[in-house]
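Each chain is listed here by its residues.
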Amino acid sequence: MAVTTRLMKPRAHIEASAISWKGKFLLPPGAFDTHVHVFDPTIGPYAADRAYTPDDAPLHRLIEFNKSISRDGTGSGIVLVQPSPYGTDCTVMMKCLRELRARQKSVYAIAMIELESITDRELERMHELGVRGIQLNFQADGKGLDVSRLLDTLQKAADRICHLRGWMIQLFVPGWAWNTLFDVVSKLPVPIIADHLGGMQGAPKLLSHVAKDGVLSQMGFISLLTLAKLSKVIVKISGLYRASDRTTACFDDTREIIEAFAKEIPDQCIWGSDWPHTGEGKDRTKQRSLSTMEPFRVIDNRALLENLRKWVGSEVWGKMMRENPARIFQ
């Protein structure tokens, strides 16, 4: 029987995460956490058509968390990712970018935009503040994937941002979708960040006949790996709890997937904490009042980092945490 991820209010979550950990598995100087969110409705409102209402996770708590997982206690570089409840209103993200830059923090961001209406000047202002790409999230609401819409949006997004130096498209889709996306992605003028292990799943989440053949045989895995080897895709090692239900085992059924990425595409892997650990899209298909705030997951970040370092080895750890994000985000 799968273990259900427990949820709790963010204050207790932050306090649990803010313990000072020591060890080689903490983030080294120069490292980057390439996937974090800020939820602060006192700065900007959530979108009316959002799939859920998150609990609060303001910037000062993100800074506390970021310091707590760094080896020297000063914090790592950060990539803010526009969360889906805000839609394309990037007010909160932009304000946090300004504040973090004022603190001399190494910070970049991935935005969500209205492709048809955003102006070149607005994109340039985003770029000046550190935005380096846009996000297309086809998993947040838990509904089925509209492949035709995805392909159309992907091409339009690439055409809209390809003139901006260093910009990428971050894509969160089911793993099997990479077979369908292969031809289009291989010809895009911008690279793709495959979010959360590229949507790959641990064995317990796969159909029994697929799991029997091994997690590396799941649909889309070879296509994703090939695109990464062609330098068309960057794989983000993040959100392991989105690929696994094995909470008490610290999501160890993702190990084989992560080890394969480390062996086959070490120069195309980056890491993100996915703080503050939001819930699952499939759970949002049920009727729930938007006035009810969705609490965050309780995640043992210490154990996750420790396992990741063991699984990928010291050389790939350095690439994933420092060298690759430093090359990718400029």
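To keep things clear, this report deals only with the structure shown in the data block. Every value quoted in this text rests on a predicted model; they were computed, and no experiment measured them.

## Examining the pairing of strand β4 (residues 77-81)
Within β4, five of the five residues are buried, which leaves the element mostly enclosed by the surrounding structure. Alignment of strand β2 (residues 32-36) against β4, held across three bridges, turns out to be parallel. By the bridge assignment for β4, F32 is matched with G77. Following the backbone out of β4, through helix α3 (residues 91-102) and into the adjacent parallel strand β5 (residues 107-111), one traces a crossover that is right-handed.

## Some remarks on the pairing of β5
By the criterion of burial, β5 is predominantly enclosed, with five of the five residues buried. Where burial is concerned, the two faces of β5 agree: the one with V107, A109 and A111 and the one with Y108 and I110 are both buried. Summarising the sheet, β4 and β5 pair through four bridges and their orientation is parallel. Each residue of the ladder has a partner; that of V79, found in β5, is Y108. Bridge count between β5 and strand β6 (residues 131-137): two bridges; the pairing is parallel. Bridged to A111 within β6 is I134. Since β5 and β6 lie parallel, the crossover through helix α4 (residues 120-129) that links them has a hand, and here it is right-handed.

## Details of unusual backbone geometry
Going from W275 to P276, the amide bond is cis rather than trans, its omega being 5 degrees. Turning to its location among the elements, P276 is positioned in the loop between β10 (269-271) and β11 (293-294). Of note in this structure, H196 is not a glycine but carries a positive phi near 50 degrees. Of note, H196 is situated in the loop between β8 (192-194) and α7 (208-213). The phi angle at H277 is positive, at roughly 70 degrees, despite the residue not being glycine. By the element assignment, H277 lies in the loop between β10 and β11.

## Notes on the nonpolar core
In this structure, L80, I169, L171, W178, I237 and F261 are the most contacted members of the largest nonpolar core, which totals 96 residues. Looking at this core element by element, the count peaks at 10 residues for helix α10 (residues 301-328).

## Examining α3
Along an α-helix, a turn takes 3.6 residues, which lines up residues three or four apart on a common side. With 12 residues, α3 should cover 16 Å at 1.5 Å per step; its first-to-last C-alpha distance of 17 Å lies within 8% of that length. Buried within α3 we find V92, M93, M94, C96, L97 and L100. Residues of α3 that are buried make contact with α2 (59-68), β4, β5, α4 and β6. At the C-terminal side of α3, Q104 shows a positive phi close to 65 degrees.

## Re the packing of helix α6 (residues 177-185) against helix α8 (residues 221-229)
For the pair α6 and α8, the least separation of the axes is 8 Å and the interaxial angle reads 25 degrees. Between α6 and α8, the angle is such that the two are roughly parallel. Once α6 is placed against α8, the crossing between them reads as left-handed. Here W178, N179, F182 and V185 of α6 come into contact with α8, specifically with S223, L224, T226 and L227. Of the residues that constitute the contact of α6 with α8, the class distribution is five nonpolar, three polar and no charged.

Analysis parameters
- Residues numbered from 1 in each chain as written.
- Predicted model: local features only at pLDDT ≥ 70, side-chain atom pairs only at ≥ 80, totals over all residues.
- Heavy atoms only, no water.
- Buried < 20%, exposed > 50% of the residue type's maximum accessible area, 1.4 Å probe, protein only.
- Helix = DSSP H or I, 4+ residues; strand = E, 2+ residues; numbered from the N terminus.
- Pairing = 2+ DSSP bridges.
- Right-handed = clockwise from strand over helix to strand, strands pointing away.
- Core = buried A, V, L, I, M, F, W, Y, C linked by side-chain atoms within 4.5 Å.
- Expected span 1.5 Å × (residues − 1).
- Contact = heavy atoms within 4.5 Å.
- Axes fitted to C-alpha atoms, helices over the stretch in contact; angles between N-to-C directions.
- Parallel < 35°, antiparallel > 145°, perpendicular 65-115°, else oblique.
- Left-handed = near helix turned anticlockwise from the far one by under 90°.
- Nonpolar A, V, L, I, M, F, W, Y, C, P; charged D, E, K, R; others polar.

Just distances and angles here, no functional claims.
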